[in-house]
Amino acid sequence: GETTKPPPTPSPLRNSKFFQANLRILVTGGAGFIGSHLVDKLMENEKNEVIVADNFFTGSKDNLRKWIGHPRFELIRHDVTEPLLVEVDQIYHLACPASPIFYKYNPVKTIKTNVIGTLNMLGLAKRVGARILLTSTSEVYGDPLEHPQKEEYWGNVNPIGVRSCYDEGKRVAETLMFDYHRQHGLEIRIARIFNTYGPRMNIDDGRVVSNFIAQALRGESLTVQAPGTQTRSFCYVSDMVDGLIRLMGGDNTGPINIGNPGEFTMMELAETVKELIDPSVEVKIVENTPDDPRQRKPDITKAKQLLGWEPKVILREGLPLMEEDFRLRLGVQKK
Ligand code: NAD
Ligand code: UDP
Ligand code: UDP
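Remember, predicted model here, so these are calculated numbers, not experimental data.

### Concerning the site of ligand 1
- The immediate surroundings of ligand 1 are formed by 28 residues, with Gly-29, Gly-32, Thr-58, Gly-59 and Ala-98 found nearest.
- Sorting the residues of the shell around ligand 1 by element identifies α1 (33-44), α3 (107-128) and β5 (131-137) as the ones contributing at least two each.
- Among the elements that make up the shell around ligand 1, the one with the highest residue count is α1 (three residues).
- Its residues assigned to classes, the shell around ligand 1 comprises twelve nonpolar, 14 polar and two charged.

### Section: the sheet that holds strand β2 (residues 48-54)
- In spatial order, the strands read β3-β2-β1-β4-β5-β6-β11; together these seven strands make up an open sheet with parallel pairing. Looking along the sheet, the strands with just one partner apiece sit at the ends: β3 (73-77) and β11 (256-258). For this sheet the average axis-to-axis angle between neighbouring strands, irrespective of direction, equals 20 degrees.
- Taken together, the three bridges between strand β6 (residues 188-193) and β11 define a ladder with parallel strand orientation. What sits directly across from Ile-193, in β11, is Ile-258.
- α1 rests against β1 (23-28), β2, β3 and β4 (90-93) of the sheet, and its axis sits at about 165 degrees to β2.
- The strands that helix α6 (residues 237-249) touches are β4, β5, β6 and β11; relative to β6, the one it contacts most, it runs at about 160 degrees.

### Examining the site of ligand 3
- As a structural note, the neighbourhood of ligand 3 is formed by 13 residues, with Arg-207, Val-208, Asn-211, Gln-225 and Met-266 the closest of them.
- Every element with two or more residues in the shell around ligand 3 is listed here: α5 (208-218) and β8 (222-225).
- Sorting elements by how many residues they give to the shell around ligand 3 places β8 first, with three residues.
- The residue inventory of the shell around ligand 3, partitioned by class, reads four nonpolar, six polar and three charged.

### Observations concerning α1
- Taking 1.5 Å per residue as the helical rise, α1 with its twelve residues ought to reach 16 Å, and the 18 Å between its terminal C-alpha atoms agrees with that figure.
- For α1, every residue scored as buried is listed here: Phe-33, Ile-34, Gly-35, Ser-36, His-37, Leu-38, Val-39 and Leu-42.
- Those residues of α1 that are buried are in contact with β1, β2, β4, β7 (196-197) and α6.

### A short note on the UniProt feature "domain: NAD(P)-binding" (unreviewed entry) in the protein chain
- Under the local residue numbering, the UniProt record ascribes the feature "domain: NAD(P)-binding" (unreviewed entry) to residues 26-320.
- For residues 26-320, the helix share is 37%, the strand share is 18%, and the end-to-end C-alpha distance is 31 Å.

Thresholds, definitions, all that
- Residues numbered from 1 in each chain as written.
- Chains lettered and ligands numbered in written order.
- Predicted model: local features only at pLDDT ≥ 70, side-chain atom pairs only at ≥ 80, totals over all residues.
- Near = placed C-beta within 6 Å.
- Helix = DSSP H or I, 4+ residues; strand = E, 2+ residues; numbered from the N terminus.
- Nonpolar A, V, L, I, M, F, W, Y, C, P; charged D, E, K, R; others polar.
- Pairing = 2+ DSSP bridges.
- Axes fitted to C-alpha atoms, helices over the stretch in contact; angles between N-to-C directions.
- Contact = placed C-beta atoms within 7 Å.
- Expected span 1.5 Å × (residues − 1).
- Buried ≥ 20, exposed ≤ 12 C-beta atoms within 10 Å, placed from the backbone.
- UniProt positions renumbered as here; feature names shortened; annotations may be inferred.

Below, the structure written as structure tokens:
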């Protein structure tokens, strides 16, 4: 027998249309903000074939236009609350509106998306033996009594509030993930995502970074919701996508916090946006919404140790990249 094999020569099939990609990946919610950036990154790898399933509630085909028609890409209009039959190796399950104004718009639908949608994707993962990653949220910590938030913290969530369709929905989704893991041996990954920002966010989706940038570009006052001392930690989308891919590829189920630990008050954020975009705009205090968490900052020790991941883009670098995208979409030139 042969003991030393020559290095494999690339098969001529590899570059032909008959070549079967190594990994077929389903991204639910792939037409949305984070999902479309994730698709861009996954498509960079020529061994990946990507299928997006999205109902276009908050996402759009426009976010994926560069991939439409690509031989390794497929877009399906599909609502995850309905069963889905596809054959895949990995599932990134993102489908769910993330902005409070959209998830509160039809709260019953939001909870169905989180519960029935996740159940269906787990049923699919079980049938085909796929690894499945859920994008959970820092909202599972509610209005946290521990700061910063570690993964072991169980949270302080109002079960009957206006945010519950989202945060309790994600908590059930996490429970389902772990029950399928324990009961059926599924390979699961759970990311707890903290506030993420970047190009392609919906301009009028009501989230703070998109609001402030759009307001500054339109010359409107920046609306800081009272008291303005509440804090958030903002992660640039390329760092987020990198974290999600590492989590999927690694050996740890999670839950793992993925976010940028840099913490800012909403007043500081407003001042930063004002300084970067238009020092002449005003900052005004407006009424807040119920159950607004007062502080939020991830403890990312686990992500560092288990995934070798930490964010690279600081807020002052990320904001101008988002400004550029918003200028194009709003048609506002730089003065
Ligand atoms: P997004 O609203 O831009 O994207 C969500 C996508 O899911 C959209 O394309 C939407 O059309 C699709 N969708 C919604 N309901 C669906 C359904 N029933 N069936 C099929 N598709 C459906 O939001 P995003 O910011 O990209 O968030 C992506 C994921 O990350 C969500 O699961 C969200 O909960 C989570 N997350 C985001 C943040 C953040 O700051 N952006 C923070 C924490 C968690
Ligand atoms: N499911 C799906 N695609 C599949 C397999 C299952 O959407 O390829 C759905 C299925 O319709 C069910 C859910 O996933 O509602 C859970 O499936 P599972 O097999 O775990 O449970 P069961 O069907 O036994 O209730
Ligand atoms: N916020 C604000 N002005 C706005 C929109 C939001 O001051 O125009 C505040 C809001 O009260 C909250 C923080 O910004 O304290 C983050 O809100 P967002 O809706 O972006 O995300 P989430 O509450 O889900 O973290």
